[in-house]
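# Breakdown of the fold
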Amino acid sequence: MTSPSSGGGALAREIDTSKPHPARMYDYFLGGKDHYEVDQQAAEQFMKAAPEVRAGVLANRRFMHRAVRHVVGEGGVRQILDVGTGLPTEPNVHQIAHAIAPDTRIAYVDNDPIVSTHSMALLEGTGTSVVLADLRDPRAVLDHPEVRRVIDFGEPVALLLVAVVHFLADEDDPEGVVATLRDALPVGSYLVLSHATGDVHEDRREDAAAVYQRATASLNLRPHARVLDFFGDFTLVEPGLVKVTDWRPDEAPEAGAPPIGIYGAVARKDH
């Protein structure tokens, strides 16, 4: 689960190690090494409140892989705007896309300087671009010179908002933020979005969300109906908005695996 901002909606120019950061906590959940002790402590607290979180982030990651294969393979899209990309974890979006279509262009966008620094170092020579920008200011994302260099908004684009919109509080106007990005896409484009929910584990949602109150971005769990609204008038690809484990799974679920409280869907702009 990545983060759109590092405090107050202002773009972070310095790495803040005094508070846990969702992108670095996500890295810890995935077994990575790009995090600090404060992130590890918060992640451990979150896992006590929601023991299935590690399985959840892995399931969300696999959903992203399947969704990218769909929009590039079946959808024929050759440019991807991934907002809230988080720290690079293999296989990443460009690796999935390039395995199908090596000419696919990808712009990774995140606001956390540590994400930007690590991404630029690890992705050098891959034909991708890394942009430091804030999801809370969607026009700045769309108008960023590097985004405009990589992405041609006259041709179909796959917009990825994977496990990031739930870090927008209601006062950030998440519907307006997503609509601004969505409306900039031409016909034939896709929106890939996943979002944490309290629908699945209602008894634990307050304890889990409370951990992020001490982080640089809050966790805002939303019900199915509100997550569905983010897709606007886009046409949902079957099976629609479902738990990420149920979106076109390519392997059987593990016996006894906990239910995952993350919804995900892929939708196409048809008009």
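As a reminder, the structure under discussion sits directly above these lines.
Residues numbered from 1 in each chain as written. Predicted model: local features only at pLDDT ≥ 70, side-chain atom pairs only at ≥ 80, totals over all residues. Heavy atoms only, no water.

Here we take up the side chain of Asn220. Relative to the helices and strands, Asn220 resides in the loop between α9 (205-212) and α10 (224-229). Asn220 sits in the buried class, given a relative accessible area of 17%. At 3.3 Å, the side chain of Asn220 forms a polar contact with the backbone oxygen of Leu168. Setting aside chain neighbours within four positions, we find Asn220 in contact with His166, Phe167, Leu168, Ala169, His195 and Ala196. (Helix = DSSP H or I, 4+ residues; strand = E, 2+ residues; numbered from the N terminus. Buried < 20%, exposed > 50% of the residue type's maximum accessible area, 1.4 Å probe, protein only. Polar contact = N/O pair within 3.5 Å; in protein donor to acceptor, adjacent residues only side chain to side chain. Contact = heavy atoms within 4.5 Å.)

For helix α1 (residues 22-29), the buried fraction is high: eight of the eight residues fall into the buried class. Within α1 the residues assigned to the buried category are Pro22, Ala23, Arg24, Met25, Tyr26, Asp27, Tyr28 and Phe29. Immediately beyond the C-terminal end of α1, within one or two residues, lies Gly31, with a positive phi of roughly 85°.

Attention now goes to the pattern of salt bridges. For the structure shown, the criterion picks out 13 salt bridges. Notably, a salt bridge pairs Glu74 with Arg248, separated by 3.7 Å at the nearest N-O pair. Of this pair, Glu74 sits in helix α3 (residues 53-74) while Arg248 sits in the loop between β7 (242-243) and β8 (262-268); the two residues are 174 residues apart in sequence, bridging distant segments of the chain. Between Arg226 and Glu175 there is a salt bridge; the shortest N-O distance is 2.6 Å. With a gap of 51 residues between them, Arg226 in helix α10 and Glu175 in helix α8 (residues 174-183) connect regions that are remote in the sequence. Take Arg226: its relative accessible area is 25%, and that puts it in the partly exposed class. Judged by its relative accessible area of 28%, Glu175 is partly exposed. (Salt bridge = Lys/Arg side-chain N within 4 Å of Asp/Glu carboxyl O.)

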